[in-house]
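Here is how the chains run, residue by residue.
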Amino acid sequence: MRIFDSHCHLDDRSFNKDLQETIQRARQADVCAMMVVGIDGPSSGKAVAIAGQNDGLIASVGVHPHDAKSCNEKILNDLKSMAIAPSVRAWGETGLDFNRMYSPQKEQEHWFARQLETGAELDLPMIFHERDSGGRFLDILTSHWNPQRKGVVHCFSGSPTDLNAYLKLGLYIGVTGIVTIKSRGRDLRQMIPSIPDDRLLVETDAPYLTPTPERNKHRRNEPAFVRTVLHKLAAVRGQDPESLADITWNNTCRLFGEP
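Residues numbered from 1 in each chain as written. Predicted model: local features only at pLDDT ≥ 70, side-chain atom pairs only at ≥ 80, totals over all residues. Heavy atoms only, no water.

A.B. asks: Hey, could you run me through the sheet that holds strand β3 (residues 57–61) in this one?
C.D. replies: The strands making up a sheet are joined through hydrogen bonds of the backbone, oriented either antiparallel or parallel. The eight strands are arranged β1-β2-β3-β4-β5-β6-β7-β8 in an open sheet whose pairing can be described as parallel. What marks the edges here is a single partner per strand, and that holds for β1 (3–8) and β8 (200–202). Pairs of neighbouring strands in the sheet enclose a mean axial angle of 30°, with direction left out of account. Helix α3 (residues 73–82) contacts β3 and β4 (88–97) of the sheet and is inclined by roughly 150° relative to β4. (Pairing = 2+ DSSP bridges. Helix = DSSP H or I, 4+ residues; strand = E, 2+ residues; numbered from the N terminus. Axes fitted to C-alpha atoms, helices over the stretch in contact; angles between N-to-C directions. Contact = heavy atoms within 4.5 Å.)

Right, dumping it as structure tokens:
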């Protein structure tokens, strides 16, 4: 079995002391490839370095909506320079988050639009974050999108209406450990069967969103645990886990390229 963790943050400081051991545990769990996602200038630089030093790892660069208030054109230009590295296969994580409002709405919307433009300029697939945007994410996205572009809504937690809109735009859907959580994942599990095979990705979002049952023993999520996400997803969809591993592997490679 080959599993591709399509979204993790191995650049997070929680991995500083055991990064190589974490990568080895993932490989022992059949997680043969990982996308290390940047959320600002420093984390993007670290993600690129980690991916460049480890086989099977790739990276993205971008500015998370939480950090939009600190973004500027110089940072975008610095990220564009990082994107030259062969390990960089996507732009993001970018989007809108009106739940915690760590950055003002105006700043989030402006830098989301600019990053959509930058990703198009570099012809990179996009990694999207959306939470409680009240339709603004789709408004901005559709005004900057065309069917030839590729992207994924990572950690999908929206409504059936949102899901249908994303699928019509040709986007992939990333599923995290939320699918394993009894109460929090109930609505997601109901929508899972309506996601076409060719649009489905699995991810950890490590070190966040540890799946069940690992969350009963481990506070920190890590790529090895994406295997649990895959098995739960297969059970919900009534599919064989090995077959679904192949499907999601091929989908992730089609989005980001071979690791």
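Next comes the rest of the account.
A.B. asks: Explanation requested: the environment of T212 in the structure shown.
C.D. replies: Relative to the assigned elements, T212 resides in the loop between β8 and α8 (226–237). Judged by its relative accessible area of 28%, T212 falls in the partly exposed class. Residues T212 and T180 lie 32 residues apart in sequence; the distance between their C-alpha atoms is 5.5 Å. If we ignore the near neighbours within four places in the chain, the residues touching T212 are T180, I181 and T228. (Buried < 20%, exposed > 50% of the residue type's maximum accessible area, 1.4 Å probe, protein only.)

A.B. asks: Help me understand the pattern of salt bridges, please; the structure alone is not making it clear to me.
C.D. replies: When their charged atoms lie close together, side chains carrying opposite charge are able to pair. The tally for this structure, following the rule as stated, stands at 12 salt bridges. For K80, the salt bridge is made with E121, and the minimal N-O distance between the two is 2.9 Å. You can see K80 sitting in helix α3 and its partner E121 sitting in helix α4 (residues 105–122), a full 41 residues away along the chain. By relative accessible area, K80 is classed as partly exposed at 23%. A residue is classified by how much of its surface remains accessible, and E121, at 53% relative accessible area, is exposed. Of the charged contacts in the structure, one is a salt bridge between D139 and R136, with a shortest N-O distance of 3.5 Å. A residue pair is termed a helical-turn pair when its members lie 3 or 4 positions apart in one helix, as D139 and R136 do in helix α5 (residues 136–143) at three residues. Given a relative accessible area of 43%, D139 falls into the partly exposed group. Bridged by salt links that share partners, the residues D18, R25, R220 and E222 form one connected network. (Salt bridge = Lys/Arg side-chain N within 4 Å of Asp/Glu carboxyl O.)

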